[in-house]
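Each chain is listed here by its residues.
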Amino acid sequence: MTEQTFDAVIVGAGISGALIANELSEAGFSVLILEAGSQADNRQQYIDTYYAAEIKTPDAPYGIQDGSGGSKVQANPSAPHPGVPIDARWKDPNAYKTDPRYYFVQTGSVAFGSNYERIVGGTTQHWLGTCLRFMPQDFTTKTSFGFAVDWPIGYADLEPWYTEAESQLGVAGNVAADEAMGIEHTKPYPMEEVPVSYLDQYMGKKLNGKQVGGVTITVESTPQARNTVGYDNRPPCMGNTSCVPVCPIQAKYDATVHLNKATKMRLLGSGKSSVPAKLVTKAVVYKVDVDASTDQVTALHYKDWDGNDHKVSGKRYILAAHAIENPKVLMMSPWKNGKTVANSSGQVGKNLMDHICLVAWGKTADEPIYPFRGPLSTSGIPQYRGGATRKTRAAYRVEIGNEGWNWSAGAPQSNVMELVTPTGNVKPLFGTALRNQLNKECTHQVRIAMELEATPLQTSYIKPSETHMDRFGLPRPEVHYEIMGGAKDVTYAGTDGEYTVKGYVESNNVAQQLFEQADISWDTTVDASNSTPGVFIYNNTRYQYRGAGHVIGTHTMGADKSSSVVDSYQRSWDHSNLFIVGCGSFPTTGTANPTLTMAALALRTAKELCNDLSK
């Protein structure tokens, strides 16, 4: 066993870990970053793997095999990560033996449909790049609507850090569109918005000014961490539709940008220079040591991929390993009085949430709208994010997709397969006839997604499995996911356990009205099988949802240590030298994709760490 000491030890090389490492490095502190996964020698390796994959899933470049010969990349069993569940095997904890997609041990009544990466750069290696700010009312849902709980900080507290995060990531957006929703800016976005797509223009022409679902619609551009001009030594977007999972030119931000800065010595002016952080890959952290007499964290333990044990120490410890992996490590680490580390409240692992998505798809009647060009989404309809209806049901944002039926039905590959291997007496198509029909099929495809805020539930949680282990004998995450809860299941008194699904039903009605107004057919079908991932029954009606990839909750922040895990700086209530960061700290999901808020919180935490260490 080896042992080293640093000013700060960070677990996880995703966006939170990378931003904090960069800030501490610039401030002159010694930093160690431990990453469970590995790193490609260069971006082209990921691109080549993606090109070779038969099925273009978000995991295709990074090591998930779909179980039927899809991606040729084998997931490394030393740092396994989940894929999106595709069939009844989501309920089978032994499916992982033959298909690494099923890393989770799922025990809930419904499937958790989101995934993450355990590689250098974390899940920013396959994210879309959407960088929405929370609305001010997202921080005060209890005060404003009687729902869930208020955050211990408000929009005004985070606004300077939103501005800083937008500058560091390089966000392109339209301030006027935000301010129309009550989201005030003290500074403009670093870059002008990403140009809207032909589909966005079509939807705006059909919908702008219309009243649907009690709101007046305006199709607005989406803020995103994607260059529209050269920025931070990265080129402008060239319109590759592979930005989920991999931007081939890194016009879309990913966390390796800040990891590269943090791990190199840089001149900072006034004769000062940074202290390069040390990045150790293939380091699977599995235990946190705490001195029971002082309640201070004293060390972290990790295994390398050869199974050797290592121990590292620091003045400050930052868990930035994801909302699933963070609580798993904490709950694997004994503390005292029968408690595990940071868990005096009993809330570690609880309130696992996601923005469940209603994905609707159809075809334009006459006018082709030419999908499969440019970023996967460039605009949306934000007007459903707020308002008094949040007193009774979940709010949501409408995302407009530029990738046709790719997310919903696997297009265009699925279209090709249907045309060359049709069922019944239909003749297969080849050559010119195939190309013509494929063009006819694909140029009219439309997809939208309604992304709904979630209900914090005690019965939705993650914990280390007691029976199912990885190759090191470490527990796999047991995920018990729910989207509805009874009065005893919800975290906060007075919260309606059906809040989210009521919003889903309303969004389903709105989606159909939007399509009708836009002259789009409604082709969405719900799988009738009870074993299909992402199906729930409400009022005797079957609905199908998908995960948004937004894993939220499990170590929530608050103003009271008895009901939360960390304070507003993401510092553990129980151990003052331990910070637990990321989307797991969110008390509620809000109505925005979480990455920009996560980045803003990380920068705020980094400032607190610098102040701490300077003392």
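Analysis parameters
Residues numbered from 1 in each chain as written. Predicted model: local features only at pLDDT ≥ 70, side-chain atom pairs only at ≥ 80, totals over all residues. Heavy atoms only, no water. Helix = DSSP H or I, 4+ residues; strand = E, 2+ residues; numbered from the N terminus. Buried < 20%, exposed > 50% of the residue type's maximum accessible area, 1.4 Å probe, protein only. Contact = heavy atoms within 4.5 Å. Areas by Shrake-Rupley, 256 points an atom, 1.4 Å probe, with all protein chains shown as cover. Pairing = 2+ DSSP bridges. Core = buried A, V, L, I, M, F, W, Y, C linked by side-chain atoms within 4.5 Å. Phe/Tyr/Trp six-rings, centres within 6.5 Å; stacked < 30°, edge-to-face > 60°. Lys NZ or Arg CZ within 6 Å of the ring centre and 35° of its normal. Polar contact = N/O pair within 3.5 Å; in protein donor to acceptor, adjacent residues only side chain to side chain. Salt bridge = Lys/Arg side-chain N within 4 Å of Asp/Glu carboxyl O.

**Q** Outline the overall build of the chain, listing residues and values.
**A** The helix and strand tally for the chain stands at 13 helices and 23 strands. Taken along its principal axes, the extent of the C-alpha atoms in the chain is 75 × 55 × 50 Å. Taking all 615 residues of the chain together, 60% fall into the buried category. Counting contacts in the chain only where the partners sit at least 6 residues apart, residues at least 24 apart contribute 70% of the total. Summed over all atoms, the accessible surface of the chain reaches about 22,700 Å², with 50% contributed by carbon and sulfur.

**Q** Pulling in residues and values, what's your account of the sheet that holds strand S20 (residues 475-480)?
**A** Pairing between the strands of a sheet is mediated by backbone hydrogen bonds and can be parallel or antiparallel. Here we have three strands laid out as an open sheet, ordered S3-S20-S19, and mixed in their pairing. For this open sheet the edge positions go to strand S3 (105-106) and strand S19 (461-469), each flanked by a neighbour on one side alone. Two strands pair when backbone bridges link them, and S3 and S20 are joined in this way by two bridges, in the parallel orientation. If you follow Val105 over to S20, its bridge partner there is Glu478.

**Q** Please give an account of the environment of Val280 that cites residues and values.
**A** Locating Val280 in the fold gives a position in strand S11 (residues 278-280). Classification of Val280 as buried rests on a relative accessible area of 18%. For the pair Val280 and Leu32, spaced 248 residues apart in the sequence, the C-alpha separation amounts to 7.5 Å. Ignoring any residue separated from it by four or fewer positions in sequence, one finds Val280 in contact with Leu32, Ile33, Leu34, Glu35 and Tyr302.

**Q** Quick rundown of the nonpolar core? Include the residues and the values.
**A** Burial of nonpolar side chains together is a common tendency in soluble globular proteins. Counting residues in each nonpolar core, the largest one holds 86 residues, and the members touching the most others are Ile20, Leu24, Leu34, Leu169, Tyr253, Ile318 and Leu578. When neighbours within four sequence positions are excluded, Leu24 is seen to be in contact with Ala8, Phe29, Val31, Ala606, Leu609, Cys610 and Leu613. Core analysis: the second largest hydrophobic core is formed by 52 residues, Ile381, Ala394, Val479 and Tyr504 among them.

**Q** Lay out the sheet that holds strand S17 (residues 396-401) with the relevant residues and their values.
**A** Spatially, S8-S16-S17-S18-S15 is the arrangement adopted by the five strands of the open sheet, whose pairing is antiparallel. Looking at strand neighbours, the two that pair on one side only are strand S8 (220-221) and strand S15 (356-363), the edges of this open sheet. Relative to strand S18 (residues 445-452), S15 runs antiparallel, the two sharing eight bridges. What sits directly across from Leu358, in S18, is Met450.

**Q** Help me get a handle on the packing of aromatic side chains, residues and values and all.
**A** As enumerated under the stated definition, the model contains 21 aromatic pairs in all. Seen from their ring centres, Tyr46 and Tyr62 are 4.8 Å apart, and the 70° between their planes marks the pair as edge-to-face. Of this pair, Tyr46 sits in helix H2 (residues 43-52) while Tyr62 sits in the loop between H2 and S3; the two residues are 16 residues apart in sequence, bridging distant segments of the chain. Its relative accessible area of 8% is what places Tyr62 among the buried residues. A ring pair is formed by Phe134 and Phe586, whose centres lie 5.8 Å apart and whose planes are at 85°; its orientation type is edge-to-face. Taken together, the residues span a long stretch of sequence, with Phe134 in the loop between S3 and helix H3 (141-145) and Phe586 in the loop between strand S23 (578-580) and helix H13 (595-614) at a distance of 452 residues. Note on accessibility: Phe134 and Phe586 belong to one class, buried. An aromatic cluster is present here, built from Tyr96, Tyr103, Phe104, Phe112, Tyr116 and Tyr481 joined pairwise through their rings. The cationic tip of Arg604 hangs over the ring face of Tyr569; the distance from NZ or CZ to the ring centre is 4.0 Å.

**Q** An account of the side chain of Asp254 is requested, with residue identities and associated values reported.
**A** By the secondary structure assignment, Asp254 is in the loop between S8 and helix H7 (256-262). Polar contacts involving the side chain of Asp254 include one to the side chain of Arg43, which spans 2.7 Å. Filtering out sequence-adjacent residues up to four positions away, Asp254 remains in contact with Arg43, Thr124, Gln125 and Trp127.

**Q** Which residues make up the side chain of Ser16, and what are the values?
**A** Assignment of secondary structure puts Ser16 in helix H1 (residues 15-26). For Ser16, a relative accessible area of 6% translates into the label buried. Leave out the neighbours within four places in its chain, and Ser16 touches Ala320, Val581, Gly582, Met598 and Ala602.

**Q** I'd like to hear about the environment of Met191, residue by residue, with values.
**A** By secondary structure assignment, the location of Met191 is in strand S5 (residues 191-192). Residue Met191 is classed as buried on the basis of its relative accessible area of 3%. Separated by 40 residues in sequence, Met191 and Tyr231 have C-alpha atoms that sit 8.6 Å apart. Discounting chain neighbours no more than four positions away, the residues touching Met191 are Gly170, Val171, Ala172, Gly173, Arg226, Asn227, Thr228, Val229 and Tyr231.

**Q** Help me get a handle on unusual backbone geometry, residues and values and all.
**A** Here the amide bond leading from Val244 into Pro245 is cis, since omega sits at 20°, within 30 degrees of zero. Assignment of secondary structure puts Pro245 in the loop between S8 and H7. Positive phi values are uncommon outside glycine, yet Asn351 reaches one of about 65°. Its location among the elements puts Asn351 in the loop between helix H8 (325-331) and S15. Non-glycine residue Phe372 carries a positive phi angle of around 65°. Along the chain, Phe372 falls in the loop between S15 and strand S16 (379-381). Residue class for Phe372 comes out partly exposed when judged on its relative accessible area of 24%.

**Q** Quick rundown of the pattern of salt bridges? Include the residues and the values.
**A** Overall, the coordinates contain 26 salt bridges when judged by the stated rule. Arg89 is paired through a salt bridge with Asp87; the nearest N and O atoms lie 2.9 Å apart. On the accessibility criterion, Arg89 (25% relative accessible area) is partly exposed. Residue classification places Asp87 among the partly exposed residues on the basis of a relative accessible area of 25%. For Lys502, the salt bridge is made with Asp496, and the minimal N-O distance between the two is 2.7 Å. Note on Lys502: relative accessible area 31%, which makes it partly exposed. Judged by relative accessible area, which is 27%, Asp496 ranks as partly exposed.

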